[in-house]
Amino acid sequence: MLIDSHCHLDRLDLGAHNGSLDAALDAARARGVGHFLCIGVSADNAGAVKQMAERYSDVDCSVGVHPLDLEPGAAPAMDWLLSELEHPNVVAIGETGLDYHYEPEAAELQQASFRLHLQAAQTTGKPVIVHTRGARADTLTLLREAALPQAGVLHCFTEDWDMAKAALDLGFYISLSGIVTFRNAEALREVARQVPADRLLVETDSPYLAPVPHRGKPNLPEYVRDVAEYLAVLRGVSYETLAEQTGANFKRLFPLARVNLHG
Ligand SMILES: [Zn+2]
Ligand SMILES: [Zn+2]
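From a predicted model like this one, the values you see are computed outputs, not experimental measurements.

*Asks:* Would you mind going over the coordination of the zinc ion (ligand 2) in detail, with residue names and values included?
*Replies:* For a metal bound by four donors in a tetrahedral arrangement, the ideal donor-metal-donor angle is 109.5 degrees, while six donors in an octahedral arrangement ideally sit at 90 or 180 degrees. For the zinc ion (ligand 2), every protein donor is listed as His6 (NE2), His8 (NE2), Glu95 (OE) and Asp205 (OD), and the spread of their distances is 2.1 to 2.5 Å. In this structure, the zinc ion (ligand 2) is surrounded by four donor atoms whose angles at the metal cover 84 to 176°, and the resulting shape is irregular. Mapping the donors of the zinc ion (ligand 2) onto the primary sequence gives the spacing H-x1-H-x86-E-x109-D.

*Asks:* Tell me what's going on with helix H8 (residues 224–235), and back it up with residues and numbers.
*Replies:* Taking 1.5 Å per residue as the helical rise, H8 with its twelve residues ought to reach 16 Å, and the 16 Å between its terminal C-alpha atoms agrees with that figure. Regarding H8, the residues found buried are Val224, Asp226, Val227, Ala228, Leu231, Ala232, Leu234 and Arg235. Those residues of H8 hidden inside the fold are in contact with strand S1 (2–7), strand S2 (33–38), strand S7 (173–176), helix H7 (186–194), strand S8 (200–202) and helix H9 (239–253). In the stretch just after H8, Gly236 is the one whose phi turns positive, near 70°.

*Asks:* Run through the side chain of Gln110, naming residues and quoting values.
*Replies:* In this fold, Gln110 is placed in helix H4 (residues 107–124). Taking the relative accessible area as the measure of exposure, Gln110 reaches 0% and is therefore buried. Setting aside residues up to four positions removed in sequence, Gln110 forms contacts with Pro67, Leu68, Leu70, Gly97, Leu98, Asp99, Tyr100 and Glu103.

*Asks:* An account of the state of the cysteines is needed here, citing residue identities and associated values.
*Replies:* Counted according to the given criterion, the structure contains zero disulfides. You can see Cys7 has no disulfide; the closest cysteine sulfur is in Cys38, sitting 5.9 Å from it. Take Cys156: it sits in no disulfide, and the sulfur closest to it among the cysteines is that of Cys7, at 13 Å. According to the relative accessible area criterion, Cys156 is buried, its value standing at 10%.

*Asks:* Explain the coordination of the zinc ion (ligand 1) residue by residue, including any values.
*Replies:* Protein coordination at the zinc ion (ligand 1) comes from Glu95 (OE), His131 (ND1) and His155 (NE2), with a distance range of 2.0 to 2.2 Å. Every donor residue of the zinc ion (ligand 1) comes from the same chain, spaced as E-x35-H-x23-H. The distance between the zinc ion (ligand 1) and the zinc ion (ligand 2) comes to 3.5 Å, with Glu95 serving as a donor to both metals. One end of the pair, Glu95, is in strand S4 (residues 90–99); the other, His155, is in the loop between strand S6 (153–154) and helix H6 (161–169), with 60 residues separating them in the sequence.

Thresholds, definitions, all that
- Starting afresh in each chain, residues are numbered from 1 along the sequence in its written order.
- Following the order in which they are written, the chains are lettered starting with A and the ligands numbered starting with 1.
- Thresholds applied to this predicted model are a pLDDT of at least 70 for local features of residues and 80 or more for the giving and counting of side-chain atom pairs; totals over whole chains, interfaces and linings are not thresholded and use all residues.
- Neither water nor hydrogens contribute to the side-chain values; these are computed over all heavy atoms in the structure.
- Note that water is not among the atoms considered, so a metal site may appear incomplete; the donors listed are N, O and S atoms within 2.8 Å of the metal, with 3.2 Å applied to Na, K and Ca.
- Note on geometry labels: four donors, all angles 85 to 135 degrees, give tetrahedral; four donors become square planar and six octahedral when opposite donors are over 155 degrees apart and every other angle is between 65 and 115; remaining cases are irregular.
- Secondary structure elements are defined from DSSP: runs of H or I of at least 4 residues count as helices, runs of E of at least 2 residues count as strands, and each element is numbered from the N terminus.
- Expected helix span is given by 1.5 Å per residue-to-residue step, counting one fewer step than there are residues.
- Summary of the burial criterion: residues with accessible area below 20% of their type's maximum are buried, those above 50% are exposed, and those between are partly exposed, where the area comes from a 1.4 Å probe applied to protein chains only.
- Here, residues are in contact when the closest pair of their heavy atoms is within 4.5 Å.
- Working definition: a disulfide is two cysteine sulfur atoms within 2.5 Å of each other.

On their own, these measurements won't tell you what the molecule is for.
Encoded structure:
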């Protein structure tokens, strides 16, 4: 089953679908997308992502605070995060992580928040969705320090093979977005060829970074099909095989997701 493992349904630019989220989701379903994981980025949007999951049985969600959405000087409260994670459709924690590319000055605060999310993962057993940019060493250090018994995912992966290998060794999955289709992404394509078939996920990260041939337009969940078709060619497998592998991986990583692979 083709699954968009990371999309921001509450932030889509729906101009191409006359402002209708229903139409956008239907367009994705028509292209074979069987499930969507709608990602939390802040306390402010936790309600919106939970509503998406309550409204659509093929949407689940995560709750967390993105490293670039932290309140100045304050990591989120553990009580708040744990209570959000009690919701049955909140199947994962995040996105959390480190982004020194855009906010290097907030590194310490980002680390405190990342550690808090990792503790919540330890407490609840729910998998963590990690955003990492310009922070390879610290991301790996904190993940090693957390030593989570359950797997997690590095989403919208843009790093090199050494980073991928280190994350794979920690039991993590690698999720690839439309960035792998970009002309200058040769190093990432090398990673995409090498990730083991049982550790790969696909995502859009919509509304950001639409894949070729939609580059420059607002990204939509239906374009995960373009990412998957591109990766299938790159990896020398059929599209059907790639969709089946990544769908099974999604269900293994997010066991609470309402995915029925054989339905
Ligand atoms: Zn991200
Ligand atoms: Zn995201």
